[in-house]
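# Secondary and tertiary structure notes
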Amino acid sequence: MTVTIEPTGVTPADVLAVARGAATVVLAPATLAAMATSRSIVDGIEAAGRPVYGVSTGFGALANTFVAPERRAELQHALIRSHAAGVGAAMPREVVRAMMLLRVRSLALGHSGVRPLVAEALVDLLNHDVTPWVPEHGSLGASGDLAPLAHCALVLLGEGWVLGPAGERRPAADALRQAGLAPVELAAKEGLALINGTDGMLGMLLLAIRDAAHLFTMADVTAALAIEAMLGSERPFRPELHAIRPHPGQGVSAANIHRLLQDSAVMDSHRDDLAHAVQDAYSMRCAPQVAGAARDTLDFVRTVADRELVSVVDNPVVLPDGRVESTGNFHGAPLGFAADYLAIAASEVGAISERRVDRLLDVTRSRELPAFLSPDAGVNSGLMIAQYTAAGIVAENRRLAAPASVDSLPTSGMQEDHVSMGWAATKKLRTVLDNLTSLLAVELLAAVRGLQLRAPLTPSPAGRAAIAALGGVVGPPGPDVFLAPLMEAARSVVSGPDLRTAIEAEIGPLP
């Protein structure tokens, strides 16, 4: 696949193809022309000797310090070195690649005043799979992701570190040499243009949007399987009951769960039983209301990300009429708020999933399933401790759902006196989603075991597909086994496409 960077920007699919795939990146001729035009404006400012922030002055609290023409290239290099001040573990390769592509996108919009060769140098890093080593701590989300982007830019200078094949840290100079790439000498404005913007937090948000969309559908799947295993009712998921409360996501989740529960001998076994519970517990009956609200939250977050993808977030910006104006477009508040909102929603999708697991394991509430889903409870503990693990993860997600975007701290001698914490918000959102994967895996494991224990009744097509997906690892109900590998296998099933594909082949697409 080839991703072509146009002056209009890129799509979320482009970002995913470069971040998680091996897509080749090319710059369109119109993009090169747009960058050349904006660079000519910066060259004119230099020739005229006018004081312009970031071109002929220092940065941040040093914005009023004039820099002599002969030292402006030195200024740009010093900026990159001083701002590459992060600490901590390396960010994942996919995050760094997304960030780099989005920085190319920002330069390609033609408002940054850089020479085309700067964007081409970033593209060369992507196409040669040279990934800068970017530490996890350093960004406050304003002026954008300064420190993480500086660690990327430093590699262009032949300095700093890159990720090795096994995730180790290697000198950038060696990696450039092996790739046949030469370091870049920056000119006026170019260092600042490489580090001012929201590319890191936007990259993480776009990756999170993709993951959340899949996980929210899988949450409908695991909920339906758990409801089926607990002999729950399908009646609360009928479309007419959701048409009278027309939240879009709720309707989608309810329709998914209703379809997933069809063609099941397990469901048929109690449909006409007068002793059957009139109302199921909230964790069963209200599954669409919670998962649907999360879907609606995701739609809002997707809108924010789409707007940011066409935004100019550099500072200062070069306007077509020749003006160079200072802006605050690098401030990450829109992304920080959105990430915090989605973290809250994803946390609750996991919390209600854990409540269903607890019901499945409780002999007093699981409708005749054995205690902890063990055929021989007492000597055996079944899935008792799997629920402990889920409860601990729910507690962690609740802590992570506390918003980062309200935690501003002033910096740069009070020049940057309100920051977004958007990097922290998007980074912890990814942790919440990884935790949600584990929570849904525990529910999947418990639901599969519950359906196995309902034999000889035949489960729904979704139930049969889930048993087939996990059966080789889980095996039939019996004595206790080493549980961690089973949980890891369930995580892979939840995060991967195969179970969803198998179910959709039977009942149609699950949005």
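Residues numbered from 1 in each chain as written. Predicted model: local features only at pLDDT ≥ 70, side-chain atom pairs only at ≥ 80, totals over all residues. Heavy atoms only, no water.

Another aspect to go through is the overall build of the protein chain. Tallying secondary structure elements over the protein chain gives 20 helices and eight strands in all. Based on the C-alpha atoms only, the size of the protein chain along its principal axes is roughly 90 × 50 × 40 Å. A total of 511 residues make up the protein chain; the buried ones form 55% of that total. In the protein chain, of all internal contacts separated by at least 6 residues, the share reaching a separation of at least 24 is 79%. (Helix = DSSP H or I, 4+ residues; strand = E, 2+ residues; numbered from the N terminus. Buried < 20%, exposed > 50% of the residue type's maximum accessible area, 1.4 Å probe, protein only. Contact = heavy atoms within 4.5 Å.)

Turning next to the packing of aromatic side chains. Applying the stated criterion across every chain, the model contains two aromatic pairs. Between Trp 133 and Trp 161, the aromatic rings sit 5.4 Å apart at their centres with planes inclined by 85°, giving edge-to-face as the arrangement. Of this pair, Trp 133 sits in the loop between helix H5 (116-127) and strand E4 (135-137) while Trp 161 sits in strand E5 (residues 161-163), placing them 28 residues apart in sequence. Relative to Tyr 341, the ring of Phe 300 lies with its centre 5.8 Å away and its plane at 55°, an arrangement referred to as tilted. Residue Phe 300 is located in helix H14 (residues 287-309), and its partner Tyr 341 is located in helix H15 (residues 333-361); the two are separated by 41 residues in the primary sequence. On the basis of relative accessible area, Phe 300 is assigned to the partly exposed category, the value being 40%. Here Tyr 341 falls in the partly exposed class, since its relative accessible area comes to 42%. The ring of Trp 133 has Arg 169 lying over it, and the distance from NZ or CZ to the ring centre is 4.8 Å. When the ring centre of Trp 161 is taken as reference, the NZ or CZ atom of Arg 169 above it lies at 3.6 Å. (Phe/Tyr/Trp six-rings, centres within 6.5 Å; stacked < 30°, edge-to-face > 60°. Lys NZ or Arg CZ within 6 Å of the ring centre and 35° of its normal.)

As a further point, take the packing of helix H9 (residues 199-229) against helix H19 (residues 484-495). The relative placement of two packed helices is expressed as an angle between their axes plus a distance between the axes. Axis separation between H9 and H19 bottoms out at 9 Å; the angle between their running directions is 110°. The angle between the axes of H9 and H19 places the two elements in the roughly perpendicular class. Residues His 214, Leu 215 and Met 218 of H9 lie in contact with H19, whose contacting residues are Val 493, Val 494 and Ser 495. Counted by class, the contact of H9 with H19 contains four nonpolar, two polar and no charged residues. (Axes fitted to C-alpha atoms, helices over the stretch in contact; angles between N-to-C directions. Parallel < 35°, antiparallel > 145°, perpendicular 65-115°, else oblique. Nonpolar A, V, L, I, M, F, W, Y, C, P; charged D, E, K, R; others polar.)

By size, the foremost hydrophobic cluster in this structure holds 142 residues, and its most contacted members are Ile 5, Leu 107, Leu 194, Ile 195, Phe 216, Leu 444 and Leu 470. Beyond its immediate stretch of four places on either side in the chain, Leu 444 contacts Thr 222, Leu 225, Ala 466, Leu 470, Ala 490, Val 493, Val 494 and Leu 499. Counting residues in each nonpolar core, the second largest holds eight residues, with Ile 41, Val 42, Val 55 and Ala 188 among its members. (Core = buried A, V, L, I, M, F, W, Y, C linked by side-chain atoms within 4.5 Å.)

Throughout the structure, instances matching the rule amount to 30 salt bridges. Between Glu 94 and Arg 20 there is a salt bridge; the shortest N-O distance is 2.7 Å. Highlighted residues: Glu 94 in helix H4 (residues 93-108) and Arg 20 in helix H1 (residues 12-20), separated in sequence by 74 residues. A relative accessible area of 36% places Arg 20 in the partly exposed class. The residue Glu 504 makes a salt bridge to Arg 500 at a minimum N-O spacing of 3.3 Å. Separated by four residues within a single helix, Glu 504 and Arg 500 lie in helix H20 (residues 498-507), roughly one turn from each other. The buried category is assigned to Arg 500, whose relative accessible area is 19%. (Salt bridge = Lys/Arg side-chain N within 4 Å of Asp/Glu carboxyl O.)

Bringing the environment of Val 493 into the picture now. The residue Val 493 is located in helix H19 in this model. Note on Val 493: relative accessible area 15%, which makes it buried. Between the C-alpha atom of Val 493 and that of Leu 470, which follows or precedes it by 23 residues, the distance is 7.8 Å. In this structure, Val 493 is in contact with Met 218, Leu 444, Ala 469, Leu 470 and Leu 499, ignoring residues within four places of it in sequence.

Turning next to the packing of helix H2 (residues 29-48) against H5. Closest axis-to-axis distance for the H2/H5 pair is 8 Å, and the angle between their directions is 135°. Regarding the angle of H2 to H5, the classification is oblique. Here Leu 32, Met 35 and Ala 36 of H2 come into contact with H5, specifically with Pro 116, Ala 119 and Glu 120. When its residues are assigned to classes, the contact of H2 with H5 shows five nonpolar, no polar and one charged.

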